[in-house]
Amino acid sequence: MKLRFEGDLTGLQPGLQVLLQELSVTEAEDGLKVAVGPSSGDLEVGLEQGAAYIRYGQKHQFYRALGLLVQHGSGGESFSIREKQHLDVVGPMFDLSRNGVLTLESFKFMLRKMALMGMNTVMLYLEDTYEIEGEPYFGYMRGRYTQAELKEIDDYADQFGIEAFPSIQTLAHLEEFLKWEPVKEYKDTKGALLVGYDKTDELVEKMIDAASAPFRSRKIHIGMDEAEELGRGKYLDKNGFTSRFDIMITHLDKVLDMTRRRGLKAMMWSDMFLKLASGTGSEHYNKDTQIPAEMAARIPKDVDLVYWDYVHTEEADYESQIAQHAPLGCNLVYAGGVWVFNTFGVNYGLSLKATDAALRVNKKYGIREAYATMWGDDGMESNPYIALLGLQFYAEHAYTEGSPDWNVLAERVKFCTGLEADAYLQMKYLDETPGSEPDNRKQSNPSKFLLYQDVLLGLFDKQIEGLEMSAHYAKVEQDIRSRRDPGAALDYIFDVPEKLAGVLKRKSEIGIELKRAYDAGDKDTLKRVAEDVLPEIAEAVRALRAAHRTQWLSMFKPFGWEVIDIRYGGVLSRLDTASVRLLDYAEGRIGRIEELEQERLLYSTSNRFTNKGVGWCSFYYRMASPNVFFHVNNPF
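It should be emphasised that the depicted structure is a prediction, and the values quoted were computed from it without experimental measurement. (Residues numbered from 1 in each chain as written. Predicted model: local features only at pLDDT ≥ 70, side-chain atom pairs only at ≥ 80, totals over all residues. Heavy atoms only, no water.)

(A) Inspection of the overall build of the protein at higher detail. When helices and strands are counted, the protein shows 24 helices and 14 strands. Against the 2.2 N^0.38 benchmark of 26 Å for 636 residues, the protein shows a C-alpha radius of gyration of 26 Å, consistent with a compact globule. Principal-axis analysis of the C-alpha atoms gives the protein an extent of 85 × 65 × 45 Å. Across the 636 residues that make up the protein, the buried fraction comes to 60%. Within the protein, contacts between residues separated by at least 24 positions form 77% of all contacts whose residues are at least 6 apart in sequence. Roughly 24,500 Å² of accessible area belongs to the protein as shown, and the carbon and sulfur atoms make up 49% of that amount. Of note, the protein has its 75 positive side-chain charges centred 1 Å away from the centre of its 97 negative side-chain charges. (Helix = DSSP H or I, 4+ residues; strand = E, 2+ residues; numbered from the N terminus. Rg over C-alpha atoms; globule rule 2.2 N^0.38 Å. Buried < 20%, exposed > 50% of the residue type's maximum accessible area, 1.4 Å probe, protein only. Contact = heavy atoms within 4.5 Å. Areas by Shrake-Rupley, 256 points an atom, 1.4 Å probe, with all protein chains shown as cover. Lys, Arg positive; Asp, Glu negative; His and termini not counted. Charge placed at Lys NZ, Arg CZ, Asp CG, Glu CD.)

(B) Broad picture of helix H6 (residues 198-212). Compared with an ideal rise of 1.5 Å per residue, which puts 15 residues at 21 Å, H6 spans 21 Å between its outermost C-alpha atoms and is within 8% of the ideal. Along H6, the residues that are buried comprise Thr200, Asp201, Leu203, Val204, Met207, Ile208, Ala210, Ala211 and Ser212. Those residues of H6 that are buried lie in contact with helix H4 (147-158), strand S9 (163-167), helix H5 (175-178), strand S10 (219-221) and helix H8 (244-261). (Expected span 1.5 Å × (residues − 1).)

(C) The arrangement of the nonpolar core in detail. Phe5, Leu66, Phe107, Leu124, Tyr130 and Leu582 are the most contacted members of the largest nonpolar core, which totals 226 residues. By residue number, the principal contributor to this core is helix H21 (residues 523-555), which donates 13 residues. Not counting residues up to four positions away in its chain, the partners in contact with tyrosine 130 are Phe138, Arg144, Tyr145, Leu150, Ile168, Met207, Ala210 and Ala211. (Core = buried A, V, L, I, M, F, W, Y, C linked by side-chain atoms within 4.5 Å.)

(D) Spatial organisation of the pairing of strand S3 (residues 32-38). Of the strand pairs in this sheet, strand S1 (residues 2-7) and S3 are connected by 5 bridges, and their pairing is parallel. Its bridge partner lying in S3, phenylalanine 5 is registered against valine 34. Where S3 lies against strand S5 (residues 51-56), 5 bridges are found, and the strand directions are parallel. Note that in S5 the partner of proline 38 across the bridge is tyrosine 56. (Pairing = 2+ DSSP bridges.)

(E) Fine view of the pattern of salt bridges. Taken as a whole and assessed by the stated rule, the structure comprises 69 salt bridges. Residue aspartate 209 pairs with arginine 262 through a salt bridge whose shortest N-O separation is 2.5 Å. Residue aspartate 209 is located in helix H6, and its partner arginine 262 is located in the loop between H8 and strand S11 (265-269); the two are separated by 53 residues in the primary sequence. Residue arginine 262 is classed as partly exposed on the basis of its relative accessible area, which comes to 22%. With a shortest N-O distance of 3.0 Å, arginine 360 and glutamate 315 are connected by a salt bridge. You can see arginine 360 sitting in helix H12 (residues 348-364) and its partner glutamate 315 sitting in helix H11 (residues 315-325), a full 45 residues away along the chain. Judged by its relative accessible area of 30%, glutamate 315 is partly exposed. Residues participating in the shared-partner salt-bridge network are Glu477, Arg481, Arg484, Asp491, Asp495, Glu498 and Lys505. (Salt bridge = Lys/Arg side-chain N within 4 Å of Asp/Glu carboxyl O.)

(F) Here's a closer look at the pairing of S1. The pairing of S1 with strand S2 (residues 26-27) spans 2 bridges and is parallel. Among the inter-strand pairings, leucine 3 is bridged to a residue of S2, identified as glutamate 27.

(G) The arrangement of the sheet that holds S3 in detail. Pairing is mixed across the open sheet formed by 6 strands, whose spatial order is S2-S1-S3-S5-S4-S6. Of all strands in the sheet, those bounded by a partner on one side alone are S2 and strand S6 (79-83).

(H) Structural context of the packing of aromatic side chains. Tallied over the full model, the rule gives 34 aromatic pairs. On the numbers, 5.9 Å between centres and 75 degrees between planes, the contact of phenylalanine 165 with tyrosine 371 is edge-to-face. Of the two residues, phenylalanine 165 is situated in strand S9 and tyrosine 371 in strand S14 (residues 369-374); the sequence distance between them amounts to 206 residues. Look at tyrosine 518 and tyrosine 585: their rings are 5.1 Å apart centre to centre, the planes differ by 50 degrees, and that puts the pair in the tilted class. With a gap of 67 residues between them, tyrosine 518 in helix H20 (residues 510-519) and tyrosine 585 in helix H22 (residues 561-586) connect regions that are remote in the sequence. In textbook terms, an aromatic cluster arises when at least three aromatic residues are bridged by ring pairs, as seen for Tyr285, Trp308, Tyr310, Trp339, Phe341 and Trp616. Here arginine 55 stacks its cationic end above the ring of tyrosine 53, 4.3 Å away from the centre of that ring. Over the ring of tyrosine 585 we find lysine 523; its NZ or CZ atom is 4.7 Å from the centre of that ring. (Phe/Tyr/Trp six-rings, centres within 6.5 Å; stacked < 30°, edge-to-face > 60°. Lys NZ or Arg CZ within 6 Å of the ring centre and 35° of its normal.)

Read these as geometric descriptors, not functional statements.
As structure tokens, this is what we get:
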């Protein structure tokens with residue numbers, strides 16, 4: 001397609017040239033004339049009588065309009081689109097702190113996709129993955145960004161009208177920094193800072209300076225979520241018991257004084273206020289929680305509160321949360337999620353339904369700033385690329401009064417990413433398995449625990465017994481394979497899901513088969529499994545590992561891959577040991593296999609018998625073994 005732009009392109013050219021290349025579109029004198037000009041605020045794009053037009057109110061809208069023009073006008077047919085933006089601010093939050101630190105090229109790739117979608121912000125979640133002068137252990141060996149790298153990300157985002165800004169932690173969630181012995185003076189508990197201490201205050205000042213300096217934006221997210229440990233470690237030893245609310249508000253006042261003096265606009269997660277008001281100190285989603293007037297009076301009003309909810313699918317739940325925040329008197333911001341958390345896939349069933357309910361309510365109540373979080377809990381086996389359908393859903397919601405039309409959404413994601421919506425949706429079936437609740441609304445993650453669980457110990461075997469997991473994963477493997485498009489640049493993102501399904505069709509139920517054969521004294525079966533089946537599984541795991549390594553090193557910095565690499569190594573080592581143990585027993589060298597003597601119990605109360613899905617586990621080390629991986633006398 002050839003285009004010829006007329007009108008004022010001041011400030012648009014850098015981003016325009018990048019996206020024209022992305023879309024394989026050229027500028028030429030004999031190209032389709034595109035008249036570019038301002039609008040009253042809405043986005044307008046169309047093609048009439050052989051000439052096109054783009055009218056936009058904000059810079060980022062121009063690039064969405066450009067995409068719409070190429071999408072609908074490449075065949076020369078007339079069309080006209082007018083869109084009103086119903087969310088003023090919309091974009092993703094990339095978790096860059098759970099091992100998966102995007103390379104600059106990967107970050108830029110995502111920014112280009114966001115520009116075509118019409119997004120206008122990106123939040124960088126940085127616990128310790130940015131450099132601080134004088135703090136060499138901050139982000140040490142973790143792939144931390146340099147100041148120059150963050151500035152390059154900001155520059156690249158700005159050319160598309162996308163506001164990039166940092167999200168840091170100034171209270172808790174700092175385990176990966178505080179684990180180092182040379183910085184123990186900053187530590188209250190394993191993840192929380194020792195507040196009320198001059199050295200800590202100096203550190204927080206340096207955090208704020210280092211995180212904000214590379215960005216044009218004056219926004220900064222100061223974190224402060226999930227700080228249940230606050231005041232329960234060294235602080236308690238030094239000061240005696242003090243209410244967590246008092247500790248938190250005193251520290252918040254200090255941090256906000258720091259941001260104000262720097263001309264920064266702070267936002268923070270709101271969950272701790274709800275938890276502290278709940279009476280138990282831990283209930284985030286309790287509908288009965290009321291914010292006491294004395295608590296509301298002490299919370300500064302110039303900090304934006306970000307309420308997060310990734311799990312509810314009914315609009316009433318979001319209305320309740322908005323009402324709970326009303327007494328605080330702060331500007332309210334919403335953070336939802338595209339569920340790549342703690343899995344190899346994407347829980348699209350839950351993500352899309354929860355997002356739809358949440359954004360409908362937020363738009364109704366005038367909450368016009370929304371973020372799509374993509375957390376990488378427990379090592380980031382997944383990635384933001386396979387979440388692009390979810391990001392497209394956020395973008396289309398922003399430009400739709402109600403809910404997006406699915407057919408329009410599907411056409412948009414195909415245009416913006418080159419992949420069919422249905423291909424993305426296959427990712428949900430890695431975890432939406434037999435026994436799961438509809439749309440996997442209980443967040444089961446069998447794709448992870450069935451890969452990592454030990455075949456001799458079978459910790460999750462009782463959870464899946466009788467569920468025909470092998471047949472399910474065989475179908476998932478075939479369904480993914482049948483939807484792949486070798487001509488699509490992003491087709492490679494399906495390598496890992498396809499090969500994982502190939503592993504799980506062989507491995508998911510093998511522990512059940514081993515236990516059944518052992519209890520029946522069927523040594524022939526045990527020998528066959530040892531000599532044929534387990535080596536076949538191991539070969540499939542090696543192929544999965546190789547594909548995952550290629551994918552990781554193309555998306556992320558190398559730091560953090562060693563964690564996943566070690567996990568694959570553990571799976572392979574245990575398969576080898578299982579073969580040895582089975583053959584020793586089958587051939588009479590040992591009289592019993594103690595691991596297979598053990599009764600299989602349900603792993604947790606999250607199971608299909610209680611209508612809580614197939615099961616959920618948050619940590620690899622609990623999936624791999626019930627025994628001690630590490631031990632410290634002081635958990636703080």
